[in-house]
Amino acid sequence: MLRKKIITQNILLGFLSWLIPFAVSFLFYKPGGELLVPYAAFKSSIMVVGTISGSYLLFRFFKFVDSDYLMNAVLVGWSWFAINILMDALILIPMMKTSFTEYFMSIGIGYFAIPTMSIAMGFLLNQKTK
C-alpha cells in the first residue's frame, strides 16, 4: 500500500513540478502573447519559481519515503525530469512553434536541476539515517 502511495505521489507531484512554473509564466504575458519583461528576466524568474516549488514538492515527496532514500531520489528525480520534458513536448513546444532541439537548448536542459536536487536530498537523508 505504501509503495502505491509513493508512486501516486511521484506522478502527482512531478506533474505539479511542471504545472506551477507553467501557470506562473502566464503572469509575464499580455493577453495577446507579448512578453511584459525582457526574456532573460522572464527565464530567470521562471527558473526561481521552478527551484522553489520543486524543492517544496521534493520535501513533500520525501515525507512518504521511510527507507532507500537515495534509490527513491534517483527514481523521483529522473521521473520528474521525464514528466517535465514530456509535458513541454506536448504543450509548450507547439505553443512556442520551435524545434525540440531549440527548446531543449533553451529550456529543457535546465530540467537537469531536478534529478540533481533530488539526488542531493536522497544522499543527505541517507547520511542522516546512518
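Residues numbered from 1 in each chain as written. Predicted model: local features only at pLDDT ≥ 70, side-chain atom pairs only at ≥ 80, totals over all residues. Heavy atoms only, no water.

Participant: Quick one: what's the story with the overall build of the protein chain, residue by residue and with numbers?
Facilitator: If you tally the helices and strands in the protein chain, you get five helices and zero strands. Counting only C-alpha atoms, the protein chain reaches 50 × 25 × 25 Å along its principal axes. The 130 residues of the protein chain split such that 32% are buried. In the protein chain, 68% of the contacts between residues at least 6 apart in sequence involve partners at least 24 apart. Across the protein chain, the 10 positively charged side chains and the 5 negatively charged ones have centroids separated by 9 Å. (Helix = DSSP H or I, 4+ residues; strand = E, 2+ residues; numbered from the N terminus. Buried < 20%, exposed > 50% of the residue type's maximum accessible area, 1.4 Å probe, protein only. Contact = heavy atoms within 4.5 Å. Lys, Arg positive; Asp, Glu negative; His and termini not counted. Charge placed at Lys NZ, Arg CZ, Asp CG, Glu CD.)

Participant: Any chance you could break down the environment of V24 for me, citing the residues and the numbers?
Facilitator: Along the chain, the position of V24 falls in helix α1 (residues 2-25). Classification of V24 by relative accessible area gives partly exposed; the value is 23%. For the pair V24 and I46, spaced 22 residues apart in the sequence, the C-alpha separation amounts to 7.5 Å. Discounting residues that sit within four places of it in the chain, V24 has contacts with I46 and V49.

Participant: Describe a nonpolar patch on the surface, and please don't skip the residues or the numbers.
Facilitator: On the surface, a nonpolar cluster with roughly 460 Å² of combined accessible area is contributed by V74, W78, M105, I109 and F112. Its location among the elements puts F112 in the loop between α4 (100-106) and α5 (113-129). (Patch = residues over 30% accessible without salt bridge, like charges linked within 9 Å, V, L, I, M, F, W, Y side chains within 5 Å. Areas by Shrake-Rupley, 256 points an atom, 1.4 Å probe, with all protein chains shown as cover. Salt bridge = Lys/Arg side-chain N within 4 Å of Asp/Glu carboxyl O.)

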